Amino acid sequence: MIYFSLFLSFLQVGMFSIGGGYAAIPLIQSQVVGLHGWLSLSEFTDLVTIAEMTPGPIAVNSATFVGTRIAGLPGALVATLGCILPSCFIVSLLAYIYYKYKELGALQSVLSSLRPAVVALIASAGLSILGLVAFSGAAPTFSATNWVGVCLFAGAFFVLRKFKWNPILVMSLCGALGLVLFLLFPGFAPTVGG
Amino acid sequence: MQKDTHGLSKAALLRSLFFSMLYISTFTFGGGFVIITFMKRKFVDELHWIDEDEILDLTALAQSSPGAIAVNAAILVGWRVAGFAGMLVAIVGTILPPMTILYIISFFYAAFASNPYVAMVLKGMQAGVAAVILDVVFSLGGKVFKEKSILNLAIMALAFCAVFFFNVNVIYIILAAALTGLVRALVLQRRKKL
């Protein structure tokens, strides 16, 4: 039964991928390419590219993509359901514990140590993306700098901090300006694979 | 666990939650931390449903649970704002946009992945995403500096170095920060007794 095996496969992805996006990729690969042969390795690589280029978590994107290709819309639905079901239970339980014992001294202290760590994690994620924008993920050198990307970033950062512009508006403007600027300065335009 | 949400009726609250998540999820490219920064702007700064400390706690919970961070964060915010119904509404709002987009793309993915204009727009949006994340980091990091706790500043610096320069698994970082908080609680308790 194809629906059931799609569901089970993505249930495992949802249950064992801790730490988000990139942690899920090897798990999805082993289920989808290795165990079941639903996608070839090059199709899987395309899927990862698309998942990164489009909104949404990689696990949900993969579940929809694989489900659709294997068993149409119902396939997409069962695969996605499988991948979010473990979260629903585990996260609800944690939420319950958090709100019940939040006022406890020890938990207060644990949470107050976690907060600076979380800020650091977010900072690291932001700087990694900035690295992709400014140097295409390569070592930061002057000649490798993508000045179009840097200018877009600097402009966006400025209007966000100084004028508190709506972040989604800022992002959409960056997309539109990106298209115009990369067409004007094709030297900085992103290269497209496959 | 629900608090006053500006006298909105339950239906109005759920509707607002659903459309907020739908809107955020549609425009959230990249990993889980990206969606959390957008959620912070929406639910903390704009709607004032959640306070700043709490969003960091929820981030730590979302990060340490299995599954996609975006879905986990939606579950937590949903519970927090409107209980079980809130959780369901927030999940559906979060997964609907990526599911729709991937469902469509799965039919002509090769053309999409190799289109240079699509790549230009996405690269521009990437610059915007980096700016949005780092803007939120400045606000949250500033708060940690204001606490004037040397321990918390050290946690922030160490966590950043560990993840950014040494690629340490974020789970270990969260565990280490939590442990530090626990030890601090025990030490303070002992001091009180003496």
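Given the structure is predicted, the values throughout are model-derived calculations rather than measurements.

Colleague: Before we move on, can you summarise the overall build of chain B with the specific residues and values?
Modeller: Along the backbone of chain B there are eight helices and zero strands. The secondary structure elements of chain B, listed N-terminal to C-terminal, are α-α-α-α-α-α-α-α. For chain B, the spread of C-alpha atoms along the principal axes amounts to about 70 × 45 × 30 Å. Put simply, chain B has 194 residues, and 55% of those count as buried. Across chain B, contacts joining residues at least 24 apart in sequence account for 62% of those joining residues at least 6 apart. When the accessible surface of chain B is summed, it comes to about 8600 Å², and 70% of that surface belongs to carbon and sulfur atoms. Mean positive and mean negative side-chain charge positions of chain B (16 and 10 charges, respectively) differ by 6 Å.

Colleague: If you had to explain the packing of aromatic side chains to someone new, which residues and values would you point to?
Modeller: Tallying each qualifying case throughout the model produces 13 aromatic pairs over all chains. Both rings, one in Phe157 of chain A and one in Phe138 of chain B, keep their centres 5.3 Å apart while their planes meet at 70 degrees; by these two values the pair is edge-to-face. Residue Phe157 of chain A is found in helix 6 (residues 147–163), and its partner Phe138 of chain B is found in helix 6 (residues 116–147); the two belong to separate chains. Take Phe157 of chain A: its relative accessible area is 18%, and that puts it in the buried class.

Colleague: Which residues make up the state of the cysteines, and what values do they have?
Modeller: Residue and element names in this part refer to chain A. A complete count under the given rule lists zero disulfides over all chains for this structure. Sulfur of Cys151: no disulfide; nearest cysteine sulfur belongs to Cys174 and is 11 Å away. On the accessibility criterion, Cys174 (5% relative accessible area) is buried.

Colleague: Describe the pattern of salt bridges, with residues and values.
Modeller: This structure, assessed with the given rule, holds twelve salt bridges over all chains. Taking the shortest distance from any N to any O, the salt bridge between Glu52 of chain B and Lys40 of chain B comes out at 3.6 Å. Here Lys40 of chain B lies in helix 2 (residues 32–46) and Glu52 of chain B lies in helix 3 (residues 52–64), a separation of twelve residues in the sequence. Given a relative accessible area of 3%, Lys40 of chain B falls into the buried group. Between Lys143 of chain B and Glu52 of chain B there is a salt bridge; the shortest N-O distance is 3.8 Å. Placement of the pair is Lys143 of chain B in helix 6 and Glu52 of chain B in helix 3, with a sequence separation of 91 residues. Under the relative-accessibility criterion, Lys143 of chain B is labelled partly exposed at 31%. Residues participating in the shared-partner salt-bridge network are Arg115 and Arg161 of chain A together with Lys40, Arg41, Asp45, Glu52, Asp53, Asp57, Asp135 and Lys143 of chain B.

Colleague: Please set out unusual backbone geometry residue by residue, giving values where relevant.
Modeller: Residues and elements named next belong to chain A. Phi is positive for Lys164, which is not a glycine, with a value near 55 degrees. Examined against the element boundaries, Lys164 turns out to sit in the loop between helix 6 and helix 7 (167–184). What makes Lys164 exposed here is its relative accessible area of 52%.

Colleague: Please give an account of the packing of helix 2 of chain B against helix 3 of chain B that cites residues and values.
Modeller: Residue and element names in this part refer to chain B. Packing of helix 2 against helix 3 brings their axes to within 11 Å, and their N-to-C directions diverge by 155 degrees. What the angle tells us is that helix 2 and helix 3 run roughly antiparallel. Considering the relative orientation of helix 2 and helix 3, their crossing is right-handed. Each of Phe33, Ile36, Lys40 and Val44 in helix 2 lies in contact with helix 3, whose residues at this interface are Glu52, Ile55, Thr59 and Gln63. Here the residues of the contact of helix 2 with helix 3 sort into four nonpolar, two polar and two charged.

Colleague: Account for the interface of chain B and chain A, naming residues and giving values.
Modeller: For an interface, size is often stated in terms of accessible area lost upon the parts coming together. Counting from both sides, the interface comprises 96 residues of chain B and, opposite them, 89 residues of chain A. On inspection of chain B and its partner chain A, the count reaches three salt bridges. Across the pair Asp57 of chain B and Arg115 of chain A runs a salt bridge, and its minimum N-O distance is 2.8 Å. Counting across the interface, chain B meets chain A through 18 residue pairs in polar contact (both at pLDDT 80 or more). Secondary structure elements with two or more residues in the side of chain B that touches chain A: helix 1 (10–26), helix 2, helix 3, helix 4 (69–105), helix 5 (109–113), helix 6, helix 7 (150–164) and helix 8 (170–193) of chain B. If you tally residues by element for the side of chain B that touches chain A, the top one is helix 6 of chain B, at 26 residues. Considering only residue class, the side of chain B that touches chain A consists of 66 nonpolar, 22 polar and eight charged.

Reading the values: the criteria
Residues numbered from 1 in each chain as written. Chains lettered and ligands numbered in written order. Predicted model: local features only at pLDDT ≥ 70, side-chain atom pairs only at ≥ 80, totals over all residues. Heavy atoms only, no water. Helix = DSSP H or I, 4+ residues; strand = E, 2+ residues; numbered from the N terminus. Buried < 20%, exposed > 50% of the residue type's maximum accessible area, 1.4 Å probe, protein only. Contact = heavy atoms within 4.5 Å. Areas by Shrake-Rupley, 256 points an atom, 1.4 Å probe, with all protein chains shown as cover. Lys, Arg positive; Asp, Glu negative; His and termini not counted. Charge placed at Lys NZ, Arg CZ, Asp CG, Glu CD. Phe/Tyr/Trp six-rings, centres within 6.5 Å; stacked < 30°, edge-to-face > 60°. Disulfide = S-S within 2.5 Å. Salt bridge = Lys/Arg side-chain N within 4 Å of Asp/Glu carboxyl O. Axes fitted to C-alpha atoms, helices over the stretch in contact; angles between N-to-C directions. Parallel < 35°, antiparallel > 145°, perpendicular 65-115°, else oblique. Left-handed = near helix turned anticlockwise from the far one by under 90°. Nonpolar A, V, L, I, M, F, W, Y, C, P; charged D, E, K, R; others polar. Polar contact = N/O pair within 3.5 Å; in protein donor to acceptor, adjacent residues only side chain to side chain.

Coordinates in, geometry out; function isn't part of it.
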